[in-house]
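Coordinate inspection notes
Spelled out, the chains give:
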Amino acid sequence: MRDISDMMLNSDSQLRGLLKTASGSGRILILTHGNPDPDSIASASALKFLLTHLTRCQVRVAYPGIIGRVENRAMVKELALKMIPLKEINWRDYDTLALVDHQPRRRMYTWPSTRWPDIIIDHHPRRPLEKPAQFVDVRKQFGSNSSLMTSYLLTADLTVPRWLATALVYGMLTDTQDFSRGKTGYDKSAYLALFNSVDHSRLFRISHPAIDCQYLSQYWHALRGARLWGDAVETYIGEIPVPDATSEIADNLIIICGIRYALVTGFYQNTLYMSLRVRHARRDAGVIMRRIVGRRGSAGGHGFMAGAQIPDLKTPETAKSLALELHRSFIKLVIPNSEISRSHPILSELPAQVHTPPSE
Ligand SMILES: [Mn+2]
């Protein structure tokens, strides 16, 4: 575990740099990444808290896409986080744009062409910027952006309220898979620093949210179509109600005993959404996904998880045939040749009568 003072190394000068950039503006818009995950949501909330307390700026958080996952919706509701859908934003209302937990990527620009981010705080590997930004803090030694934001809060000596500590810890837990993934020394320090401020009942309700029947039907539908090829499982689930339905189902398929790869694809508003999970990070999910998708769309990810989007598909039929083609490439990539001809559904037929009630 890394020492907390070590974690805050650089945070002092970074905090001054951030405040200098922010102080020159009046109204700041913080953007999460598209269909934001807990790390992105917590980071945006932390930056808003920091800037609201240390500057005179008006600060809002916006998210592109949809908050779809049942846990993420529970997080926003339980912690009463204020976030606005990006489509409701009037850009003229803001003079400064901040990105958290991601860096500008050409395919993902969600802001008008006349705008460019002024502030970027991220923990993914640094990408070359097309245009400079006033304040950039990219530190990939943090397993989650929530931990990086925690180092700012600690450096600023702010008391972290329970709702924010809970959000940040949930961001850390999900991005590092409960501190099991990658280098997590700084994340553990950040976690310990916040531990006593966390609302553990709420944290439990977020990580174990109530599900509804629609969720179960969707899961059943995905399971019914899922096929096993050796130690890989894949399913195309057709039209999905929210884009991150695929990641939710992939997370549930990868925990099946003996499975090492799970690929789930769905269709939402003319775009194919794909989610891949791998059990052992020896085969990097991001590399596999990029090879499957190639130039047809955008793919990203790391170690255990990856996602891809292929836009501009005219009809559900086009989407389906492309999805099936991509799933075939996936199987060829991860399964030895000898096993490719053999596949079977993961659900087997139950005997007609599982339980016979005792006779009177
Ligand atoms: Mn992150």
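Residue positions are counted from 1 within each chain, in the order its sequence is given. Local features in this predicted model are restricted to residues whose pLDDT is 70 or higher, and side-chain atom pairs enter the listing and the counts only when it is 80 or higher, whereas totals over whole chains, interfaces and linings include all residues.

**So, the pairing of strand 4 (residues 96-100)**
- Strand 4 sits mainly inside the fold: five of its five residues count as buried.
- Comment: burial labels come from other C-beta atoms within 10 Å of the residue's own C-beta, placed from the backbone, where a count of 20 or more is buried, 12 or fewer is exposed, and between is partly exposed. Per the convention used, a helix needs a DSSP run of H or I reaching at least four residues, while a strand needs a run of E reaching at least two, with both numbered from the N terminus. Here strand 4 shows no split at all, with T96, A98 and V100 on one side and L97 and L99 on the other all buried.
- Strand pairing is defined by DSSP finding a minimum of two bridges between the two strands. The pairing of strand 1 (residues 27-31) with strand 4 spans four bridges and is classified as parallel. Within strand 4, the residue paired with I30 across the bridge is A98.
- Two strands pair when backbone bridges link them, and strand 4 and strand 5 (residues 119-122) are joined in this way by three bridges, in the parallel orientation. When the sheet's bridge partners are listed, A98 is paired in strand 5 with I119.

**Overview of the domain arrangement of the protein chain**
- Residue ranges labeled as domains rest on an automatic or database domain assignment. Taken domain by domain, the protein chain holds domain 1 (4-207) and domain 2 (214-345).
- On a C-alpha basis, the centres of domain 1 and domain 2 stand 29 Å from each other.

**Considering the pairing of strand 8 (residues 232-239)**
- Taken across its eight residues, strand 8 has six buried, putting it largely inside the fold.
- In terms of strand pairing, strand 7 (residues 227-229) meets strand 8 through three bridges, oriented antiparallel. Within the sheet, the bridge partner assigned to W229 lies in strand 8 and is A232.
- For the segment spanning strand 8, helix 10 (residues 245-253) and strand 9 (residues 261-268), crossover handedness is right-handed. With the strands aimed away from the viewer, a crossover counts as right-handed if its path from the first strand over the helix to the second runs clockwise.

**Some thoughts on the sheet that holds strand 9**
- Ordered by their spatial adjacency, seven strands build an open sheet running 11-12-10-9-8-7-13, and the pairing between neighbours is mixed. Of all the strands in the sheet, the pair left with one neighbour each is strand 11 (298-302) and strand 13 (344-345).
- Inspection of the sheet shows strand 11 paired to strand 12 (residues 305-310) by five bridges, in the antiparallel sense. Each residue of the ladder has a partner; that of H302, found in strand 12, is M305.
- Sheet strands in contact with helix 10 are strand 8, strand 9, strand 10 (271-278) and strand 12, and its direction is about 160 degrees off that of strand 9. Any pair of residues counts as being in contact when their C-beta atoms, constructed from backbone geometry, are within 7 Å of one another. Here the axes come from fitting lines to C-alpha atoms, over the contacting stretch only for helices, and the angles between their N-to-C directions go from 0 to 180 degrees.

**Section: unusual backbone geometry**
- Residue Q177 is not a glycine yet carries a positive backbone phi of 45 degrees.
- Inspection of the secondary structure assignment puts Q177 in the loop between helix 6 (162-175) and helix 7 (185-194).
- One non-glycine residue, D178, adopts positive backbone phi at about 55 degrees.
- Owing to 9 C-beta atoms within 10 Å, D178 belongs among the exposed residues under this scheme.

**Re the nonpolar core**
- Residues of type Ala, Val, Leu, Ile, Met, Phe, Trp, Tyr and Cys that are buried and joined through C-beta atoms within 7 Å form what is called a nonpolar core. Judged by nonpolar contacts, the single largest core of 52 residues is most densely connected at I30, A46, L47, A98, L168 and V169.
- Excluding residues within four positions of it along the chain, V169 makes contact with Y191, L194, V198 and L203.
- The next biggest cluster of nonpolar side chains, apart from the first, holds 42 residues, and it includes I288, I292, A308 and I310.

**Remarks on the packing of helix 4 (residues 70-78) against helix 8 (residues 200-207)**
- Remark: helix 4 packs on helix 8, axes separated minimally by 8 Å, with the N-to-C direction vectors making an angle of 150 degrees. Viewed along their axes, helix 4 and helix 8 adopt a mutual orientation that is roughly antiparallel. Across from E71, A74, M75 and E78 in helix 4, the residues of helix 8 making contact are R202, R205, I206 and S207.
- Split by residue class, the contact of helix 4 with helix 8 holds three nonpolar, one polar and four charged. Any angle from 65 to 115 degrees is called roughly perpendicular, while one under 35 is roughly parallel, one over 145 is roughly antiparallel, and all others are oblique. Each residue gets one of three labels, nonpolar for Ala, Val, Leu, Ile, Met, Phe, Trp, Tyr, Cys and Pro, charged for Asp, Glu, Lys and Arg, and polar for the others, Gly among them.

**Observations concerning the sheet that holds strand 2 (residues 58-63)**
- Taken in spatial order, the six strands make up an open sheet running 3-2-1-4-5-6, and their pairing is parallel. The outermost strands of the open sheet, each flanked by one partner alone, are strand 3 (84-85) and strand 6 (135-138).
- Two strands pair when backbone bridges link them, and strand 2 and strand 3 are joined in this way by two bridges, in the parallel orientation. Residue pairing for strand 3: A62 is matched across the bridge by I84.
- Lying over the sheet, helix 2 (residues 11-23) contacts strand 1, strand 4, strand 5 and strand 6, oriented at roughly 145 degrees with respect to strand 6.

**What about helix 11 (residues 285-293)?**
- Here helix 11 has its buried residues at A285, I288, M289, I292 and V293. Down the axis of helix 11, the buried side of the element spans an arc of 120 degrees, and every buried residue falls inside it.
- Where helix 11 is buried, its residues meet strand 10, strand 11, strand 12 and helix 12 (316-334).
- Just beyond helix 11, the residue with positive phi is G294, at close to 55 degrees. Regarding the arc, it is the one traced by the directions from the helix axis to the C-beta atoms.

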